[in-house]
Amino acid sequence: MLLSSKGKHRRPSKAVRIATLAGVAGAAVAVPLMGATGASAASVATWDAVAQCESGGNWSINTGNGYYGGLQFSQSSWAAAGGTQFAARADLASKAQQITAAEKLLDLQGPGAWACAGAGGLTNDGVDPGVDTGSAPSADKAAQPERKAEQPTTRSEKRTAPKASKTVTTPTGDKVKKGDGEYKVKAGDTLSTIADAKKVKGGWQKLFKLNGDIVEDADLIFPGQQLHLK
């Protein structure tokens, strides 16, 4: 989209030359002149088409080439068009704010300020875009849905966590005590194999004694039971 020194945003009218020479402070001089004319306007659809050609429709673009935002303002043009009242650079402003500044630049320089004026069909068509600049760069973003405050939960609505089962079911369907030890019995385990694997002093007899409250028969332990090892 870049042009030579005579390209977009670089066809200074007298008002722009004054603003450029004066710097950002001079933009304050140029803005009243723009407000006094107010004759040029283009629709949002037109500006969208211009932005699509200028920047691919990326209103926050900053590639470091000296042009910023969806309509690729140079910094001097942005200041001359009063854009600095919204943000330091065009890419930091909202779409609505960029369009508002572009309307002023269109009034100052005409469609020739943009290399893509032809692609967007940009003319002084007198159509008020009707954009709302808001007060922040994100003003044109879709409004976020309002979140309703969470209502306090009544006693009857509170859910209590399910209590851990204190029993396990045997293959025959009987229920036996589960226990709360550090070793969980697996299928095929016996007190002897557990004692050997965990090197329990006193062997299976010690295990039987430690877990006498849940193991009624030393030959019968069940998967899911939790045995103490010491």
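None of these values were measured; they are calculated from a predicted model.

Some details on the packing of aromatic side chains
Then comes step 1: Per the counting criterion, the structure on display carries three aromatic pairs.
Then comes step 2: Each ring, one from Phe-73 and one from Trp-78, has its centre 5.0 Å from the other, and the planes form 70 degrees; the classification is edge-to-face.
Then comes step 3: For Phe-73, a relative accessible area of 0% puts it in the buried group.
Then comes step 4: Its relative accessible area of 0% is what places Trp-78 among the buried residues.
Then comes step 5: Arranged with centres 6.5 Å apart and planes meeting at 85 degrees, the rings of Phe-73 and Trp-114 form a pair that is edge-to-face. Pair noted here: Phe-73 is in strand E2 (residues 73-74) and Trp-114 is in the loop between helix H5 (95-109) and helix H6 (117-120), with a separation of 41 residues, a long-range link. Of the two residues, Phe-73 and Trp-114, neither departs from the other in class, the shared state being buried.
Then comes step 6: Aromatic ring contacts, followed pair by pair, group Trp-47, Phe-73, Trp-78 and Trp-114 into a single cluster.

Considering H5
Then comes step 1: The end-to-end C-alpha distance of H5, which contains 15 residues, comes to 20 Å, matching closely the 21 Å that a straight helix rising 1.5 Å per residue would cover.
Then comes step 2: Among the 15 residues that make up H5, 13 are buried, leaving the element largely enclosed by the rest of the structure.
Then comes step 3: Just past H5, the residue Gly-110 takes up positive phi, approximately 85 degrees.

The rules behind each value
- Residues numbered from 1 in each chain as written.
- Predicted model: local features only at pLDDT ≥ 70, side-chain atom pairs only at ≥ 80, totals over all residues.
- Heavy atoms only, no water.
- Phe/Tyr/Trp six-rings, centres within 6.5 Å; stacked < 30°, edge-to-face > 60°.
- Buried < 20%, exposed > 50% of the residue type's maximum accessible area, 1.4 Å probe, protein only.
- Helix = DSSP H or I, 4+ residues; strand = E, 2+ residues; numbered from the N terminus.
- Expected span 1.5 Å × (residues − 1).

No statement about biological role is implied by the geometric values presented.
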